[in-house]
Amino acid sequence: MQFQKNRLATAALLAACAWIATGCDMTPGVIYVANGADFNVMSLTDAQDVCDTAARVAYLSWWDSATLKGCWVRERGEIVARFPGMAERRIPVGDFQRTELAGYRNLTLD
């Protein structure tokens, strides 16, 4: 009887852990996007990854589906993004559109 109670308790614990884990999205979510003349989309995330303390991860993609990973930071009225092997890109904050995730988290670029 004690063995069955332990099995039930273990199963309940594992189910609770799985339920909690599915509720926590550990991948970086795209919070803002901008379209450009010389690129398809720049996506800003809230993840830090390899970026320095103030910067967050950004992705820059082209129409041929090539994508670069870099870092972004806000400086005054611009988003400054740095990608490997490219000059930094400065895009006005007003060019970025908020995603549903940013709305849900109540995030702004301020």
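Residues numbered from 1 in each chain as written. Predicted model: local features only at pLDDT ≥ 70, side-chain atom pairs only at ≥ 80, totals over all residues. Heavy atoms only, no water.

Enquirer: Could you clarify how one ought to interpret the pairing of strand S1 (residues 30-35) in this entry?
Expert: Along a regular strand, successive side chains alternate from one face of the sheet to the other. With 5 bridges joining them, S1 and strand S2 (residues 41-45) adopt antiparallel strand pairing. Across the sheet, asparagine 35 pairs through a bridge with valine 41, a residue of S2. Hairpin connection from S1 to S2: 5 residues lie between these consecutive antiparallel strands. As paired strands, S1 and strand S7 (residues 97-98) are joined by 2 bridges and run antiparallel to one another. Paired with valine 33 across the two strands is glutamine 97, which belongs to S7. (Pairing = 2+ DSSP bridges. Helix = DSSP H or I, 4+ residues; strand = E, 2+ residues; numbered from the N terminus.)

Enquirer: When you look at the nonpolar core in this model, what are you seeing that I'm missing?
Expert: Note that soluble globular proteins tend to have their nonpolar side chains buried in a common cluster. Counting 17 residues, the largest nonpolar core has Tyr32, Met42, Leu44, Trp72, Ile79, Phe96 and Leu109 as its most contacted members. For this core, the elements supplying multiple residues, two or more each, are S1, S2, strand S3 (56-61) and strand S5 (78-82). Of the residues forming this core, the biggest block, 3 residues, is contributed by S1. (Core = buried A, V, L, I, M, F, W, Y, C linked by side-chain atoms within 4.5 Å. Buried < 20%, exposed > 50% of the residue type's maximum accessible area, 1.4 Å probe, protein only.)

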